Amino acid sequence: MPYDNRGGDYKRRRFDDDESRGFRGRGRGRGRPGGHSERPSRHDEEMVEKPEASQPRVQKRERALPSRVIQIGQAEELTEDDIRSSMEIFGEIRGVVSPSRDIFLVEFASLEKSVFFINYIDNHGFLIRFISPDLNYGPAQDLPSAMATFNSKNATGANHVLEVNVLKPMYSITTEVLHTIASPHGRVLRIVIHNRTDSKIESLIEFDSVMSADACREAINGADIYAGCCTLDVNYSKAQSLNVFKNDDDTFDYTDVNPAIAGMYFEIIINKCN
């Protein structure tokens, strides 16, 4: 890392600081050769560029409202006994039910215990039989109400596949970008971008469950990927599954990726978005 030694001032110069804030070219702010001001000039402030297309805004994992019920997704390889034996160390469990083959609902005896459990996994992670399931608060405060909510969503046309339209797409929209904004809300199985025009990009995102898709829809519908553009219009699709034959910017199957390659791929995504 170079140093600025002029005038006996041995402050370290970071040439990349201004780059990361979007300042380009002729500015005489901090870290510029010949610069004398600790603050960027007004010209520099006007030169701030829009975010790069490879840097969508990433949200942290969304948490539902606290509930005694914990929803466990991506659990197709787990049993009720696996879940009960792993979670009862955090507090008394009143019941465990499975509304679908890959989802379990677990009710703690008190809200305090369920909040403690979620806080613990947020800080330390959680494995059940060496599997890291998707964990969040459930849709209600008790198992009967949670099951009723789950069944009503299925009855009203909710689906695990979402239609995601990107309006005013001023930047490049790829499977990488869509996965980045969708994956905090549940496990994404496949993405297909099937139509591109100047005014709209149409895509389908398949989740592991209806609850994951519903959480994503509630969180991102109407939001902008970038400020003032790339607005998301999200609805339930009637499709039951997506067919993907290759992994690229338009289609991607996240269930059919070599683990080593997948690790490299998602490390690149995370580095780009940080």
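In the block above lies the structure referred to throughout.
Bear in mind the structure is a predicted one, so any value in this text is a computation, not a measurement.

Moving on, we get to the overall build of the chain. Summing up its helical and strand segments, the chain has eight helices and 12 strands in all. Counting all 274 residues of the chain, 42% fall into the buried class. At a minimum sequence separation of 6, the contacts of the chain that also span at least 24 residues come to 67%.

Overall, antiparallel pairing links the six strands, which are arranged 10-11-7-9-8-12 in an open sheet. The sheet terminates laterally at strand 10 (224-226) and strand 12 (251-253), the two strands that pair on one side only. Looking at each pair of strands side by side, their axes are set apart by 20° on average, direction ignored. Examined bridge by bridge, strand 8 (residues 188-196) and strand 12 share three bridges and lie antiparallel to one another.

Where strand 8 meets strand 9 (residues 200-207), seven bridges bridge the pair, whose relative direction is antiparallel. In the sheet register, I191 faces strand 9, and the bridge partner there is I205. Turn length for the strand 8-strand 9 hairpin, with the two strands adjacent in sequence and antiparallel, is three residues.

Quick look at the side chain of T231 now. The residue T231 is located in strand 11 (residues 229-236) in this model. Given the relative accessible area of 17%, T231 is considered buried. Those residues in contact with T231 that lie beyond four places of it in its chain are N165, V166, L167, K168, G222, A223 and D224.

Turning next to the pairing of strand 7 (residues 161-167). Of all the seven residues making up strand 7, five are buried; the element is thus mostly covered by neighbouring parts of the structure. Relative to strand 9, strand 7 runs antiparallel, the two sharing seven bridges. Considered in strand 9, the bridge of L162 is made with I205. Looking at chain direction, strand 7 and strand 11 are connected through six bridges and run antiparallel. Considered in strand 11, the bridge of V166 is made with L232.

Enumeration according to the criterion identifies 11 salt bridges in this entry. Across the pair R68 and E107 runs a salt bridge, and its minimum N-O distance is 3.2 Å. Pair noted here: R68 is in the loop between helix 2 (42-46) and strand 3 (69-73) and E107 is in strand 5 (residues 103-108), with a separation of 39 residues, a long-range link. Just as R68 is buried, E107 falls in that class too. Between R94 and E107 there is a salt bridge; the shortest N-O distance is 3.7 Å. Of this pair, R94 sits in strand 4 (residues 93-100) while E107 sits in strand 5, placing them 13 residues apart in sequence.

Considering all chains together, one arrives at eight aromatic pairs under this definition. When the ring of F108 is compared with that of F117, the centres are 5.8 Å apart and the planes differ by 45°; the resulting orientation is tilted. Ring geometry for F117 versus F126: centroids 5.2 Å apart, planes at 85°, classification edge-to-face. Pair check on accessibility: F117 and F126 agree, each one buried. An aromatic cluster of at least three residues, connected via ring pairs, comprises F90, F108, F116, F117, Y120 and F126.

Rules used throughout
- Residues numbered from 1 in each chain as written.
- Predicted model: local features only at pLDDT ≥ 70, side-chain atom pairs only at ≥ 80, totals over all residues.
- Heavy atoms only, no water.
- Helix = DSSP H or I, 4+ residues; strand = E, 2+ residues; numbered from the N terminus.
- Buried < 20%, exposed > 50% of the residue type's maximum accessible area, 1.4 Å probe, protein only.
- Contact = heavy atoms within 4.5 Å.
- Pairing = 2+ DSSP bridges.
- Axes fitted to C-alpha atoms, helices over the stretch in contact; angles between N-to-C directions.
- Salt bridge = Lys/Arg side-chain N within 4 Å of Asp/Glu carboxyl O.
- Phe/Tyr/Trp six-rings, centres within 6.5 Å; stacked < 30°, edge-to-face > 60°.

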